[in-house]
Amino acid sequence: MNSPYFRLAGFALSIKKELSLKILLLLMIVAFSILQAFMLAYGTAGVFSGAAPSTIFFYYAIATVCILIRAVLTGKQEVYTKKIAGRAKAVLRSQLVNKLIDLGPKYQSLKRSGRLQSLVTDGVEYAEPYLVNYLPQAVVVVISSLCIGGYIFSFDWKVGVILMIAVVIAVVTPLLLMPFIKKAALEYWQGYAVLNAQYIDAMQGMNTLKALNAVDRKGHELYLSAECFRKRQLHWTFFSLISSATIFLMLAVGKYLTVGVATFDMAAGILNRPELLVILFLVIECMRPISDLDQAWHASYMGLSVAHEIFEILDEPVTIVDAPQAQTGGMDEGFPRIAFKNVSFRYPARTEYALKNVSFTIEPGQSVAIVGKSGGGKSTITNLLLRFYDVEEGSITINGTDLRDYSLEYLRSKIAIVFQDTYLFYGTVAENIGMAAEHAREEEIIDAAKMANAHPFIIRMKNGYQTLVGERGATLSGGEKQRIAIARAILKNAPVLILDEATSSVDAANEHMIQSTIGKLAQRYTSLIVAHRLSTIRNVERIFVFDQGVLKEYGSHDELIAKNGAYKQLLEAQAIMEEE
Ligand SMILES: Nc1ncnc2c1ncn2[C@@H]1O[C@H](COP(=O)(O)OP(=O)(O)OP(=O)(O)O)[C@@H](O)[C@H]1O
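Just so you know, these numbers come straight off a predicted model, no measurement behind them.

Parameters and conventions
- Residues numbered from 1 in each chain as written.
- Predicted model: local features only at pLDDT ≥ 70, side-chain atom pairs only at ≥ 80, totals over all residues.
- Helix = DSSP H or I, 4+ residues; strand = E, 2+ residues; numbered from the N terminus.
- Rg over C-alpha atoms; globule rule 2.2 N^0.38 Å.
- Buried ≥ 20, exposed ≤ 12 C-beta atoms within 10 Å, placed from the backbone.
- Contact = placed C-beta atoms within 7 Å.
- Pairing = 2+ DSSP bridges.
- Axes fitted to C-alpha atoms, helices over the stretch in contact; angles between N-to-C directions.
- Expected span 1.5 Å × (residues − 1).
- Domains from an automatic or database assignment.
- Nonpolar A, V, L, I, M, F, W, Y, C, P; charged D, E, K, R; others polar.
- Parallel < 35°, antiparallel > 145°, perpendicular 65-115°, else oblique.
- Left-handed = near helix turned anticlockwise from the far one by under 90°.
- Near = placed C-beta within 6 Å.
- pLDDT = per-residue confidence, 0-100.

Visitor: Pulling in residues and values, what's your account of the overall build of the chain?
Guide: In terms of helices and strands, the chain carries 17 helices and 10 strands. At 34 Å, the chain has a C-alpha radius of gyration far larger than the 25 Å of a compact globule built from 580 residues. Taken over the C-alpha atoms alone, the chain extends approximately 115 × 50 × 45 Å along its principal axes. Among the 580 residues that make up the chain, the fraction classed as buried is 35%. Contacts in the chain between residues far apart in sequence, at least 24 positions, make up 78% of those at least 6 positions apart.

Below, the structure is given as structure tokens:
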């Protein structure tokens, strides 16, 4: 029962009302098909027995009405199926996306983003035939076969039994072939997901590939993956065609056997002519839902293979969660005080520590800087403060309360951050800044942009604040993106501000302006500036120097120079690099 097939079927319960209505529509179609079969049988029997033309016409007229009603119901049923498919996919996608958001960077850093993207878009798409076609059709096949088979059995048990055996074989055969098809379908899906991830990677890194003259090499790599995918596709098609051919054969043999036995029974006087004709037409109607079921099953293979990956994500335990009585207060008044106490941390799948036994305090309203060599653990501090990861040992407190005792939403609402890797969304400049505060007014957005020194370049653009920034802010320079991100953080108006390498893409003139902005901002927040360029943090009250995850020393710029230690070495190394 824990198999992904059953679980995906269990998911159908979230749209049970809609599926029930679809089953009802399908059963109505079957009912009219049966009525049509009877009318055609009686009409044809009337022709043979020389019945009055008006009687024959009556039967054929009703059969024609049945055909028309079936056509209308089939159309309605198909439109309705599209509607419920949209709903089912939206529910499944939102469950997946919410889960991925809950799992956060910790999970995503271990997965390929292209593969996750394929799963949320195409993978969910593949689940559609199983959910909205196969499952309801299976119910219809059981009900209609039992009714038709039972009815035929009531006047010719041999034909009834043959019909039921053919139905059972036709329904069970694809299930028996499933282990072979499943393997081929899984390989097909995995090949597709890898290929998709490779294409996304290549598109995103297009400029780098060109600059490295590596376009041809990458192109060849993609060609080989596409070729491997093509072979897997053929392999899968081969198996699925075997399954379809077997079902087709079973249905044909079943049909001819029942008709043959019924004809012999009529010759033996067991059946009369109208009964034979009823069997002839009913058998066709009995096989139709099974052939539809086969088509739905055929289309479901891929969804069933993908289901395994979907449930792998949905079952992944979320480790960063709210404590049972998580706090939603405690940082509303004044400036918060942040304290790291003996904090040690390793990233998942890494054996070396990113932070080792780190202790330091940021007093309320204080502005501190974190500096150090690359890989020293600076960004890890911000990752831990936002609870993207939890500490392995030690604790981080804000106003004396452990981060794990605040609700995640509350904690993150009190921290504004400008990431090292600035992310702008497709949309206008105003939308990107306004994202920080729901219902932000235009004046507030402009004020924040002015404080971040972004206003002058924004109004120089033709459409000003309504300028589209392209995906990831592709139409802006690195410095412009960063200033928009700083404006966004300012608009958030949280008491803790983190600037992670916030001036790294800014030229000297702008850096100076942002420095004075940071100076002004520092008075409004408890702030933490992660910096590479030491010139940008000279005036910060306290500087913490990290090396390989260890806090080496701290103090003001002057105190650290006087210490003649790690900070001074960093300054000297940077001065040499700048001279070069
Ligand atoms: N998501 C991750 N998964 C595994 N290891 C990571 C991850 N992020 C960082 N690390 C490792 O943790 C260590 C500290 O990284 P961190 O990003 O905190 O350094 P940093 O001081 O900010 O470096 P830089 O100045 O180059 O940005 C490094 O050894 C890095 O390789």
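Right, picking up where we left off after that structure.
Visitor: Before we move on, can you summarise the sheet that holds strand β3 (residues 367-372) with the specific residues and values?
Guide: Spatial ordering of the open sheet is given by β6-β7-β8-β3-β9-β10, a layout of six strands whose pairing is mixed. Edge positions in the sheet fall to β6 (415-418) and β10 (550-555), since each has one partner strand and no second. The sheet shows a mean angle of 20 degrees between the axes of neighbouring strands, direction not considered. Two strands pair when backbone bridges link them, and strand β9 (residues 542-547) and β10 are joined in this way by five bridges, in the antiparallel orientation. Its bridge partner being in β10, Asp547 is matched across the sheet by Val550. The strands touched by helix α14 (residues 478-492) are β6 and β7 (496-500); relative to β6, the strand with the most contacts, the crossing angle is about 175 degrees.

Visitor: For α14, give the residues involved together with the corresponding values.
Guide: Between its terminal C-alpha atoms α14 stretches 21 Å, which fits the 21 Å expected from 15 residues at 1.5 Å a residue. The buried count for α14 comes to 13 of 15 residues, which makes it a mostly enclosed element. Once α14 finishes, Asn493 follows within two positions and takes phi at roughly 55 degrees, a positive value.

Visitor: Outline the domain arrangement of the chain, supporting the account with residue identities and numerical values.
Guide: Split into domains, the chain comes out as domain 1 (91-315) and domain 2 (336-412 + 527-580). The C-alpha centroid of domain 2 is placed 54 Å from the C-alpha centroid of domain 1. Residues that form the side of domain 1 that touches domain 2 fall into these classes: two nonpolar, one polar and one charged.

Visitor: I'd like a rundown of the packing of helix α7 (residues 215-267) against helix α8 (residues 273-315), residues and numbers included.
Guide: At a minimum axis separation of 10 Å, α7 and α8 run at an interaxial angle of 170 degrees. Relative to α8, the element α7 is oriented roughly antiparallel. Residues Ser240, Ser244, Ile247, Leu251, Lys255, Thr258, Val259, Ala262, Thr263 and Met266 of α7 touch α8, and the partners they reach there are Arg273, Leu276, Ile279, Leu280, Val283, Met287, Ile290, Ser291, Asp294, His298 and Tyr301. For the contact of α7 with α8, the residue count by class is 12 nonpolar, six polar and three charged.

Visitor: Which residues make up the packing of helix α5 (residues 157-204) against α8, and what values go with them?
Guide: A packed helix pair is summarised by two numbers, namely the angle formed by the two axes and the spacing between the axes. Orientation of α5 relative to α8, taken along the N-to-C sense of each, is 15 degrees, at an axis distance of 9 Å. By the angle class used here, α5 and α8 are roughly parallel. Relative to α8, the crossing made by α5 is right-handed. Together, Val159, Leu163, Val167, Ala170, Val171, Pro174, Ile181, Lys182, Ala185, Leu186 and Trp189 of α5 and Ile279, Val283, Cys286, Ile290, Leu293, Asp294, Trp297, Tyr301, Met302, Leu304, Ser305 and Val306 of α8 make up the contact between the two elements. Of the residues in the contact of α5 with α8, the class split is 20 nonpolar, one polar and two charged.

Visitor: An account of the site of the ligand is needed here, citing residue identities and associated values.
Guide: Neighbouring residues of the ligand: 13 residues in total, closest Tyr347, Ser374, Lys378, Ser379 and Thr380. Broken down by element, the shell around the ligand gets its largest block of residues, three residues, from helix α9 (residues 378-385). Here the residues of the shell around the ligand are counted per class, giving two nonpolar, nine polar and two charged.

Visitor: Can you lay out the sheet that holds strand β2 (residues 355-362) for me, pointing to particular residues and giving the numbers?
Guide: The four strands are arranged β2-β1-β4-β5 in an open sheet whose pairing can be described as antiparallel. Single-partner strands in this sheet number two, and they are β2 and β5 (401-402). In the sheet, strand β1 (residues 338-345) pairs with strand β4 (residues 393-398) via five bridges, with the strands oriented antiparallel. Looking at the pairing, Ser344 lines up with Glu393 of β4.

Visitor: How would you explain the confidence of the model for the chain if you had to name every residue and give the values?
Guide: Note that predicted coordinates carrying low pLDDT should not be read in detail. When pLDDT is averaged along the chain, the result is 85, and 95% of the positions lie at 70 or above. What the predictor reports for the complex is a pTM of 0.72 with an ipTM of 0.97.

Visitor: Lay out unusual backbone geometry in plain terms, naming residues and giving numbers.
Guide: You will see that Asn342, though not glycine, has its phi angle at about 45 degrees, which is positive. Looking at where Asn342 falls in the secondary structure, it is placed in strand β1. Judged by the 12 C-beta atoms lying within 10 Å of it, Asn342 is exposed.

Visitor: Go over the environment of Leu468, please, and point to the residues and values.
Guide: Relative to the elements of secondary structure, Leu468 occurs in the loop between α13 (455-460) and α14. Excluding its chain neighbours within four sequence positions, the residues that come into contact with Leu468 are Gly427 and Thr428.

Visitor: Help me get a handle on the environment of Glu431, residues and values and all.
Guide: With respect to the helices and strands, Glu431 occurs in helix α11 (residues 429-434). Taking C-alpha positions, Glu431 is 8.2 Å from Gln466, a pair spaced 35 residues apart along the chain.

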